[in-house]
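Per-entry structural report
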Amino acid sequence: MGIEEKLPAGFLLTSVEKLAGYMRKSSVWPATFGLACCAIEMMAVGGPDFDIARFGMERFSATPRQADLMIVAGRVSQKMAPVVRQVYDQMPEPKWVISMGVCASSGGMFNNYAIVQGVDHIIPVDVYLPGCPPRPEMLLNAIITLHEQIQNAPLGVNRENAARAAEAAALVATPTSQMKGLLA
């Protein structure tokens with residue numbers, strides 16, 4: 001005998017945290033940050049074939065102050081890194097980042113002094129999207145993955161504690177430059 005049996009039919013029981021998560025995931029506005037060929041695939045997602053409007057994201061924001069998702073599509077040069085950080089800092093909280101393509105995620109084939117070896121050296125990344133260039137379907141899958149993270153994210157003090165724990169874990173983790181691959 002729970003509260004469910006006492007209420008008349010048609011009542012919905014949920015927590016405020018879950019309801020807010022559902023509302024947030026259904027109203028994400030991305031900021032376009034297309035830097036290379038991956039941006040073409042990102043633009044294709046806005047077209048009728050893939051229709052990003054199904055997820056409430058039809059409005060790509062030209063200003064960071066009205067966006068809460070940054071999709072970094074393509075390689076980030078050392079000169080562009082401060083601009084990426086500035087745009088990220090201008091976005092209101094809560095904000096999320098998708099690193100689209102192997103160049104944005106790890107520098108890709110451009111292992112030189114001019115390209116940042118992963119955008120996660122500049123800003124925190126929530127979802128990494130591999131591929132060169134990744135297909136629009138892969139970006140939609142990354143968006144769905146991010147929606148699951150947003151819907152299950154805690155609010156208020158719980159969110160701050162989760163962010164602190166994630167940052168502490170990132171500081172303890174082995175840097176990617178010191179990781180050894182399969183061929184090492």
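Our subject in this report is the structure included herewith. No experiment lies behind these values; they were computed from the predicted model shown. (Residues numbered from 1 in each chain as written. Predicted model: local features only at pLDDT ≥ 70, side-chain atom pairs only at ≥ 80, totals over all residues. Heavy atoms only, no water.)

What follows covers the sheet that holds strand 4 (residues 127-129). Here we have four strands laid out as an open sheet, ordered 1-2-3-4, and parallel in their pairing. The open sheet has two edge strands with one neighbour each: strand 1 (30-34) and strand 4. Each strand axis lies, on average, 15° off the axis of its neighbour in the sheet, ignoring direction. Two elements, strand 2 (residues 69-73) and strand 3 (residues 96-100), share five bridges in a ladder whose sense is parallel. Residue pairing in the sheet places Ala73 in a bridge with Met100 of strand 3. (Pairing = 2+ DSSP bridges. Helix = DSSP H or I, 4+ residues; strand = E, 2+ residues; numbered from the N terminus. Axes fitted to C-alpha atoms, helices over the stretch in contact; angles between N-to-C directions.)

Let's shift gears to helix 6 (residues 136-151). With 16 residues, helix 6 extends 22 Å from end C-alpha to end C-alpha; this agrees with the ideal 22 Å at 1.5 Å per step. Taken together, the buried positions of helix 6 are occupied by Pro136, Leu139, Leu140, Ala142, Ile143, Leu146, His147 and Ile150. End-on view of helix 6: buried residues confined to an arc of 160°, all on one side of the axis. For helix 6, the secondary structure elements touched by its buried residues are helix 2 (16-25), helix 3 (38-45), strand 2, strand 3 and strand 4. (Expected span 1.5 Å × (residues − 1). Buried < 20%, exposed > 50% of the residue type's maximum accessible area, 1.4 Å probe, protein only. Arc of directions from axis to C-beta. Contact = heavy atoms within 4.5 Å.)

All right, on to the environment of Pro154 then. Relative to the helices and strands, Pro154 is located in the loop between helix 6 and helix 7 (156-172). The partly exposed category is assigned to Pro154, whose relative accessible area is 25%. Through-space distance from the C-alpha of Pro154 to that of Glu17 is 6.6 Å; in sequence the pair is 137 residues apart.

Before going further, it helps to examine the pattern of salt bridges. For the coordinates displayed, the defined rule picks out four salt bridges. Here Lys95 ties to Glu93 by a salt bridge, and the two come within 3.9 Å at their closest N and O atoms. When salt bridges with common partners are traced through the structure, they connect Glu41, Arg135 and Glu137 into a single cluster. (Salt bridge = Lys/Arg side-chain N within 4 Å of Asp/Glu carboxyl O.)

The next point concerns unusual backbone geometry. With an omega of -10°, the peptide bond running from Glu93 to Pro94 counts as cis. Positionally, Pro94 belongs in the loop between helix 4 (81-90) and strand 3. Despite not being glycine, Asp51 has its phi angle at roughly 50°, a positive value. Tracing the sequence through the fold places Asp51 in the loop between helix 3 and strand 2.

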